[in-house]
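Reading the structure
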Amino acid sequence: MCGIVGFLAKTPQMRDKLGELVTPMLNCMGTRGPDSAGLAVFTEPLPDQQRRYSLYVHNRRFDWGVLFDDFMDETDAEGEMIDVESHAALVSTVSPPRFKTWLTKSYPEVHLLSVGHRIDLYKDEGHPEEISERYGFPDLTGTHAVGHTRMATESAVSPAHAHPFTAGEDFCLVHNGSLSNPYSIRRKLERQGIHFETDNDTEAGCRFIEWRMRQGDTLEQAIHASFKELDGFFTFLMATADKLLLVRDPFACKPAVVAETDDYVAIASEFRSLAHLPNVQDARVFEPSPEIIYSWNV
Amino acid sequence: MERVKNFDLSRTSVRELNQFLHHDLNAEHTDQVEILHPDGAHSIAAGVNAPVHIHVRGHAGYFVAGMNQQADVTIHGNVGWSIAENMMSGRVHVKGHASESAGASAHGGLLIIDGDASSRCAISLKGGEIVVGGSVGHFSAFMAQAGTLVVCGDSGPNLGDSLYEAVIYVRGKIHSLGADAQEEPMGHADYDAVGRLLNAAGMEYDPKDFKRVASARKLYHWNSEVHQEY
């Protein structure tokens, strides 16, 4: 099964209430995906030279303060960090390659979930309601968000296997469905020097699309390429720094419903997740057609 | 005097609602049931077997009025997957749009959808009648065995794939026909059937504007010479 949710705020008021509106959407989809969950939130952009690094560590009593002090000593750059439980968001002027090298060497047990000017990403094992509460999702603010509730069918239940998946900077993807040829995609990408972190099928789809974009495709072109390359079922919901994008495979076996008003665009696997949204009764509610790319700009 | 019973699903569970519909309707001599705040809930009014009028005021979820017998169910909004799935008799009317597999395997009764129905509408239809005011998505009437699907709008790809003896009437464009489905000339019985169903659904179209799609019956028997190229 699995559940997906997405939200794009069109007004400053909705941006302030992003977490408050998205959290019940995600929790409601717990019935479709009770084993793990994740949420990517996109905020106002950081200055060009800075990046936000979202980090995860399995040990909930991990001392993030020590990691931050070590990082500051080692890099001698400006930085700040906000942490809660297993998650920390570290903002720094240190470049992604240098940060990754430092992290792998100094804290191999800490996973880098996302990198970018806008993205902050949370994911963990457990029921979505527990995860929302653990990380304070209702208090989050931002321009747009993508979330996922997982019922694992093809690879292990772990925070690393939970969605959203990321590749590159400020790009993430959630998936309801299953891919039949993730290993052939993976072998093709590994020959290009692309590194995989899990054996999850969605990671193959995510890295394929991001690789196509680095080859010069627009996101829309990369998705058209994925119709040819990816075999299987998918409803994909993706976010970039300034865009939310939804697509269903040609057979459209996995559900999605969209509600759009002047204030927001909201997407979920089922309408139940949208029923609490303000003025949803007057929203334009529709089911996305197969193989049509729906996108909304921030 | 008409006896009306109200259920507010923001305060009452679907299970309580359905238990009332299954067990207590007759004892309370209820003629009409009003269901408020459905908020996309699944299985509303599934398994009803009584001549009662049910109104669902808002958007509902999956399996609404599934296995319906006798009841007249109106949904004043959109519905999710499998509206009136396996309906046996009665009438189900969706005032908005319906998601996938609308009327799947319905044996009898009439399903009316004022808006669009998405993919696999009338899949495996077994004798029910379905009128869609708008368009239907891909693989509609897939393997439909008996009954009628009337589409006042357009049809998506692969209409009537592997069709048995159900008949499809389409007023608008057909994107493509599925394997073994073919367009056939309309006869008097077809005009009468379409006219009767449009009338029952309250839709004012001219039966003369409809095309008939039925099975070419070439898939009924194995043919080793076609190499699976149907």
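Since the model is a prediction, treat every value here as computed from it, not as a measurement.

The rules behind each value
Here the residue numbers are simple positions, counted from 1 along each chain's written sequence. Lettering of chains starts at A and numbering of ligands starts at 1, both following the order in which they are written. Only residues with pLDDT of 70 or above have their local features reported here, since the model is predicted, and side-chain atom pairs are shown and tallied only from 80 upward, although totals for entire chains, interfaces and linings are computed over all residues. Computation of side-chain values covers all heavy atoms of the structure but excludes hydrogens and water. Of the two site types, the cavity is a set of points on a 1 Å grid over the protein atoms alone where a 1.4 Å probe fits but cannot get out, and the pocket is an open set with protein on both sides within 12 Å along at least five of seven lines, each lined by residues with an atom within 4 Å of a point. Grid points are joined across faces, edges and corners, and a volume is the space filled by probe spheres set on the points. Each residue gets one label: Ala, Val, Leu, Ile, Met, Phe, Trp, Tyr, Cys and Pro are nonpolar, Asp, Glu, Lys and Arg are charged, and the others, such as Gly, are polar. When DSSP finds at least two bridges between two strands, those strands are taken to pair. For helices the rule is a DSSP run of H or I covering at least 4 residues; for strands it is a run of E covering at least 2, with both sets numbered from the N terminus onward. Orientation is described by axes fitted as lines to C-alpha atoms, over the contacting stretch for helices, and by angles from 0 to 180 degrees between their N-to-C directions. Two residues form a contact once any of their heavy atoms are found within 4.5 Å. Any residue under 20% of the maximum accessible area for its type is buried, any over 50% is exposed, and the rest in between are partly exposed; the area is computed with a 1.4 Å probe on protein chains only.

1. With respect to empty space enclosed by the protein
- Tallied over the entire structure, the rule returns two cavities of 30 Å³ or more.
- Taken as a whole, the largest cavity spans an internal volume of roughly 80 Å³.
- Across the lining of the largest cavity, the residue classes break down as three nonpolar, six polar and three charged.
- Here the second largest cavity is characterised by a volume of approximately 40 Å³.
- Broken down by class, the residue content of the lining of the second largest cavity amounts to four nonpolar, one polar and two charged.

2. Some remarks on the sheet that holds strand β15 (residues 284–286) of chain A
Residues and elements named next belong to chain A.
- Strand order in the open sheet made by the seven strands is β7-β2-β8-β1-β14-β13-β15, with antiparallel pairing throughout. Since the sheet does not close on itself, it has two edges, and those belong to β7 (119–125) and β15, each with one partner. Neighbour to neighbour, the strand axes of the sheet diverge by 10° on average, direction disregarded.
- Direction of pairing for strand β13 (residues 257–260) relative to β15: antiparallel, over a ladder of three bridges. Across the sheet, the residue bridging to V258 is F286, located in β15.

3. Some thoughts on the sheet that holds strand β3 (residues 51–56) of chain A
Residue and element names in this part refer to chain A.
- What the four strands build is an open sheet, ordered β4-β5-β3-β6; its pairing is antiparallel. Of all strands in the sheet, those with a lone pairing partner are β4 (79–84) and β6 (111–116), marking the two edges. Strand-to-strand twist across the sheet, computed as the mean angle between neighbouring axes with direction ignored, equals 20°.
- Two elements, β3 and strand β5 (residues 87–92), share six bridges in a ladder whose sense is antiparallel. Bridge pairing in β5 links R52 to V91.
- Along the sheet face, helix α3 (residues 64–75) touches β3, β4 and β5 and points at about 165° away from the line of β4.

4. Regarding unusual backbone geometry
- Cis geometry marks the peptide bond from H163(A) to P164(A); its omega dihedral reads 0°.
- In this fold, P164(A) is placed in the loop between β8 (144–150) and β9 (165–166).
- The backbone of A45(B) sits at a positive phi, close to 55°, despite the residue not being glycine.
- Classification of A45(B) as buried rests on a relative accessible area of 0%.
- Positive phi values are uncommon outside glycine, yet N86(B) reaches one of about 60°.
- Tracing the backbone shows N86(B) in the loop between β4 (72–75) and β5 (91–94).
- A relative accessible area of 26% places N86(B) in the partly exposed class.

These figures capture arrangement, not role.
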